[in-house]
Amino acid sequence: TPQTPHCTSADLQKQLENPKTVSLVQRMVKEGAVEELQKCFSSRMEFGTAGLRAAMGPGISCMNDLTIIQTTQGFCRYLEECFGNLKERGVVIGYDARAHPDSGGSSKHFASLAAAVFISHGIPVHLFSDITPTPFVPFTVSHLGLCAGVMVTASHNPKQDNGYKVYWDNGAQIVSPHDKGISKAIEKNLEPWPESWNTEEALKSPLLKDPYQDIHTQYFTAIQKHCHHREINKSSEVKIVHTSVHGVGHTFVQTAFKAFDLHPPYAVEEQKDPDPEFPTVKYPNPEEGEGVLTLSFALAEREGASVVLANDPDADRLAIAEKQKSGQWRVFSGNELGALLGWWMFHCWKQENPDAAAVKNLYMLSSTVSSKILRAIALKEGFHFEETLTGFKWMGNRARDLMNQGKTVLFAFEEAIGYMCSPSVLDKDGVSAAAIAAEMTSYLATKKTSLSQQLTAIYEEYGYHITKNSYFICHDQDVIRKLFDRLRNYGDQKGSYPTKCGDFSVSAVRDLTTGYDSNQPDNKAVLPTSASSQMITFSFSNGGVATMRTSGTEPKIKYYTELCAAPGNSDVAQLNKELDALVDAIIETFFEPQKNKLQPKLE
């Protein structure tokens, strides 16, 4: 097997603890699969703010027994440094239903190994006895006042992947410098501790507790604070279909509906039970839209249902589709759902808080690549709106800061169909969002209004916000670097950004890679910057905004564009035409796909 500084013979030896990974390595050696072996053993998975995410299999670049133990040992050591009371407070560990029979890896098994590591150091572990949605882990951290949480999940990634997601004691995902601290501690603790493999002993330890029943009860009690129309829910005739896309969501969404006194949604039979093979879909990602929802639409047609709700496999995201008068199904974008849910959360809050001054304490958040619709609503209604960097780790941490100052954080969202409708979970939560969206649908039905009609009403009142997001695939880091460097030294002028893009004038530039922001008096960006990832936002004088950024997990250059029209400008066809023209100009002028050999997204 190939030797590199990252991979020692001890690493190879320790893979022998799992006979299945051994036989995979032996097969590769026998077949002379050098490339495959190098892929598995040449470089260690990097631990970042999103934790780990990689394929399950042998080697230090994959998720397996050894790398889970090494990661947890590092995390354990880092927590011991940070918390003097770690042995009193403890940690929580949850997991989804993923499994990889070939390598013997599964989320449940990895969670047991992680528990064994903590218990071997005298740290109490709240290990769920069954699969749970990801939001249950941050909920448990906050509810029980724990030091940290681990969720073993790869969310909506392909079936061979798994992941290790980490929460801090504030109930939000970790942000820097914790990722670097944990990463260093992992490197210092690569040799497995003797008890780390002993899951049998760990599972008998008095330090191990099962929080499942208690958290199940407490979570569904907590989200009922957001149930405002119980009587309407009880008598509603709206029929809703739900799919959990072979993930964990089914029983939890059924329970959430019950907690809101909603009629149970029709479950897509072929997809309701967890299945790590995801047999009915190409990708288990409801963001992919119609392909994932084919079976849901068929069930809705049979049952006469008008709305489809879909969770991703770890139930932290939510997609929604609605049948239109034409008989076609409309799959709402994440930005459109952000507008609907943001409007609904404020509508309900306002009914319960008629005092005009109370709005000054109210906040909503969204990520910088998401629609600015909440900003428009906030301007008119008087509450505060804040933008964060991309990802719920930033919104969760900012929400906690605001709550610590006595503020109310009513809602947060990102365009990747993630919604935080309850401050009891400082992360995206597709379970509470499903029940809240169903109540909104039932309420609107009493007004003879559909979700699509309500969305139009929001845009009519606060201004149309039309978005168009996509990406190019590029595996060459050098091409990506040159593409962004050209935009920073435009027309061969060092430090000069474009002032025009085709026929469109650029009114402002914010570069969160370098920390430049032309809108600030000192030209310094307010949001945190990161030199390790590319991200530039251009504002245009016609009300357009475009962000170009690299993905942290995939070989993509993404773009997010939006045209924000003033209230009263309702010529949607013209606005769409204008946004299309802007996107075309950005692609041709800034991306230069032919010159840079960029692959467009396959529609």
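Residues numbered from 1 in each chain as written. Predicted model: local features only at pLDDT ≥ 70, side-chain atom pairs only at ≥ 80, totals over all residues. Heavy atoms only, no water.

Per an unreviewed UniProt entry, the protein carries the name Phosphoglucomutase 2 and comes from Myripristis murdjan. UniProt, in its Sequence similarities (unreviewed entry) section for the protein, records the words "Belongs to the phosphohexose mutase family." The protein has a UniProt comment under Cofactor (unreviewed entry) that states "Mg(2+)". (UniProt positions renumbered as here; feature names shortened; annotations may be inferred.)

### Some remarks on helix α13 (residues 290-303)
The end-to-end C-alpha distance of α13, which contains 14 residues, comes to 19 Å, matching closely the 20 Å that a straight helix rising 1.5 Å per residue would cover. Of all the bends found along α13, the most pronounced is centred on S296 and spans about 30 degrees. Among the residues of α13, V292, L293, S296, F297, L299 and A300 are the ones counted as buried. Among the structural elements, β9 (240-243), β10 (266-267), β11 (307-311), β12 (318-323) and β13 (329-331) are those in contact with the buried residues of α13. G304 sits one or two positions beyond α13 and adopts a positive phi of about 75 degrees. (Helix = DSSP H or I, 4+ residues; strand = E, 2+ residues; numbered from the N terminus. Expected span 1.5 Å × (residues − 1). Bend = angle between axes of the 7 residues up to and from the residue. Buried < 20%, exposed > 50% of the residue type's maximum accessible area, 1.4 Å probe, protein only. Contact = heavy atoms within 4.5 Å.)

### Notes on the domain arrangement of the protein
Here the protein is described as being made up of domain 1 (9-209), domain 2 (213-462) and domain 3 (464-600). If you average the C-alpha positions of domain 1 and of domain 2, the two centres end up 30 Å apart. Domain 1 puts 32 residues into the contact, and the matching count from domain 2 is 34 residues. Three residues, F136, F139 and H156, lead the burial of domain 1 against domain 2; their summed loss comes to 24% of the area buried on that side. In this assembly, domain 1 and domain 2 are joined by three salt bridges. In this structure, K165 and D427 form a salt bridge, with 3.5 Å as the shortest nitrogen-oxygen distance. Put simply, the parts of the chain that give the side of domain 1 that touches domain 2 at least two residues each are α7 (136-144) and β7 (161-167). With seven residues, α7 is the largest single contributor of residues to the side of domain 1 that touches domain 2. (Domains from an automatic or database assignment. Buried area = accessible area lost by both parts, 1.4 Å probe. Salt bridge = Lys/Arg side-chain N within 4 Å of Asp/Glu carboxyl O.)

### Looking at the UniProt feature "domain: Alpha-D-phosphohexomutase alpha/beta/alpha" (unreviewed entry) in the protein
UniProt annotation of "domain: Alpha-D-phosphohexomutase alpha/beta/alpha" (unreviewed entry) refers to residues 45-190, 218-324 and 334-462 when read in the numbering used here. When the span residues 218-324 is considered, its composition is 34% helix and 16% strand, and the gap between its end C-alpha atoms is 37 Å. Strand forms 16% of residues 334-462 and helix 54%; the C-alpha atoms that close the span are 18 Å apart.

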